[in-house]
Amino acid sequence: MRLLKILLVYPFGTGSPPLGMCLLAAELKKAGFTDVTLADIVDDGYLGEQIKSYKRTKEYFMERLREKPDVVKFSASVPTFKVVYDYAKIARPYCKYIIFGGPHPTLFQQKLLEVAPIIDILVYGEADLVIGELLSRLEKNDDLKGLNN
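**Student:** Could you give an account of the overall build of the chain, with specific residues and numbers?
**Tutor:** Looking only at helices and strands, the chain has 5 helices and 5 strands in total. What you see in the chain, going N to C, is helices and strands ordered as β-α-β-α-β-α-β-α-β-α. Taken across its 149 residues, the chain has 44% of its residues classed as buried. For the chain, contacts bridging at least 24 residues in sequence account for 63% of all contacts bridging at least 6. Of the roughly 8,000 Å² of accessible surface on the chain, 55% is carried by carbon and sulfur atoms.

**Student:** Which residues make up the nonpolar core, and what values do they have?
**Tutor:** Note that soluble globular proteins tend to have their nonpolar side chains buried in a common cluster. The biggest cluster of nonpolar side chains holds 24 residues, and the ones touching the most others in it are Phe61, Val72, Phe74, Ile98, Phe100 and Ile119. Among the elements of the structure, β1 (2-10), α2 (58-66), β3 (71-75), α3 (81-91) and β4 (97-101) are those that each provide at least two residues to this core. With 6 residues, α3 is the largest single contributor of residues to this core. With residues near it in sequence (within four places) discarded, Ile98 still touches Val72, Phe74, Ala88, Ala91, Arg92, Ile118, Ile119, Asp120 and Ile121. Within the second largest apolar cluster, 19 residues are counted, among which are Leu8, Leu28, Ile99 and Ile131.

**Student:** Got a sec to walk through the pattern of salt bridges? Specific residues and values, please.
**Tutor:** Tallied over the entire structure, the rule returns 9 salt bridges. Its salt-bridge partner being Arg64, residue Glu67 comes within 2.5 Å of it at the nearest N-O pair. When its relative accessible area of 37% is taken as the criterion, Glu67 is described as partly exposed. A relative accessible area of 11% means that Arg64 is categorised as buried. The salt bridge partner of Asp120 is Arg92, with a shortest N-O separation of 2.9 Å. With Asp120 in the loop between α4 (103-115) and β5 (121-122) and Arg92 in the loop between α3 and β4, this pair connects stretches of sequence that are 28 residues apart. With a relative accessible area of 36%, Asp120 lands in the partly exposed category. Residues participating in the shared-partner salt-bridge network are Glu63, Arg64 and Glu67.

**Student:** Could you give me a rundown of the packing of aromatic side chains, with the residues and numbers involved?
**Tutor:** Tallied over the full model, the rule gives 5 aromatic pairs. Note on Phe61 and Tyr87: the rings are 5.2 Å apart at their centroids and 85° apart in plane angle, and the pair reads as edge-to-face. Of this pair, Phe61 sits in helix α2 while Tyr87 sits in helix α3; the two residues are 26 residues apart in sequence, bridging distant segments of the chain. Tyr87 carries the same exposure label as Phe61, and that label is buried. Geometrically, the ring pair formed by Phe81 and Phe100 is edge-to-face, given 5.9 Å between the ring centres and 65° between the ring planes. Residue Phe81 is located in helix α3, and its partner Phe100 is located in strand β4; the two are separated by 19 residues in the primary sequence. Neither Phe81 nor Phe100 differs from the other in exposure class; each is buried. Here a set of aromatic residues connected by ring pairs shows up, and it is made of Phe74, Phe81, Tyr85 and Phe100.

**Student:** Please provide a residue-by-residue account of the packing of α2 against α3, values included.
**Tutor:** Close contact between α2 and α3 brings their axes to 11 Å; oriented N to C, the two are set at 35°. Both α2 and α3 take part in a crossing whose hand is right-handed. Across from Lys58, Phe61, Met62 and Leu65 in α2, the residues of α3 making contact are Tyr87, Ile90 and Ala91. The residue inventory of the contact of α2 with α3, partitioned by class, reads 6 nonpolar, no polar and 1 charged.

Rules used in this analysis
- Along each chain, the written sequence defines residue order, and numbers are assigned to residues from 1.
- Local features are withheld for residues below a pLDDT of 70 in this predicted model, meaning they are given only at 70 or higher, and side-chain atom pairs are given and counted only at 80 or more; totals for whole chains, interfaces and linings count all residues.
- Hydrogen atoms and water are omitted, and side-chain values are computed over all heavy atoms in the structure.
- Think of it this way: any DSSP run of H or I at least four residues long counts as a helix, any run of E at least two long counts as a strand, and we number them from the N terminus.
- The rule is simple: take the accessible area with a 1.4 Å probe, protein chains only, and divide by the maximum for that residue type; under 20% is buried, over 50% is exposed, in between is partly exposed.
- Between two residues, a contact is recorded if the distance between any of their heavy atoms is within 4.5 Å.
- Note on areas: these come from Shrake-Rupley sampling with a 1.4 Å probe, and a residue is covered only by the protein chains present in the view.
- Nonpolar cores are built from buried Ala, Val, Leu, Ile, Met, Phe, Trp, Tyr and Cys residues. Side-chain atoms within 4.5 Å join them into one set.
- Counted as salt bridges are all cases of a side-chain nitrogen of Lys or Arg within 4 Å of a carboxyl oxygen of Asp or Glu.
- Ring pairs are drawn from Phe, Tyr and Trp, using the six-membered ring of Trp, whenever the two centres fall within 6.5 Å, and their geometry is named by plane angle: stacked under 30 degrees, edge-to-face over 60, tilted for the rest.
- The convention used is that axes are lines fitted to C-alpha atoms, helices contributing only their stretch in contact, and that angles between N-to-C directions extend from 0 to 180 degrees.
- Helix crossings are classified by the rotation of the near helix relative to the far one: an anticlockwise turn of less than a right angle makes the crossing left-handed, while a clockwise turn makes it right-handed.
- For this scheme, ten residues count as nonpolar: Ala, Val, Leu, Ile, Met, Phe, Trp, Tyr, Cys and Pro. Four count as charged, namely Asp, Glu, Lys and Arg, and the remainder, Gly too, count as polar.

Take a look at the structure:
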């Protein structure tokens, strides 16, 4: 059993399950991580009236943060990056590592690390191919060099 507490955050939910994040959760569980939680936040201004689930609220996100996860992994597209980055700023005091993945980090890689210092690790390309190994190395405090997707 793995000991890392992992929070996967999709802070711009659309009402449909975030299949990419669900795939990451499945890969993490396959790698032996048992404490994996998904927060798919549906903002009040966007479908908030139609989707009534506590697990899709900012309050649920904050409750999960108060549990002090080791890792908070965000997914960011180009149009949602600002919103996602604002959530990462909220998460920073609660966790050891902030990881970003998704289309925005895939497109902007190194530049993003330069302009967004709150991000500890970027995962670009197909995150499901490396997420288990990445978090295994973090858990053991191993070097991340040579980890490719």
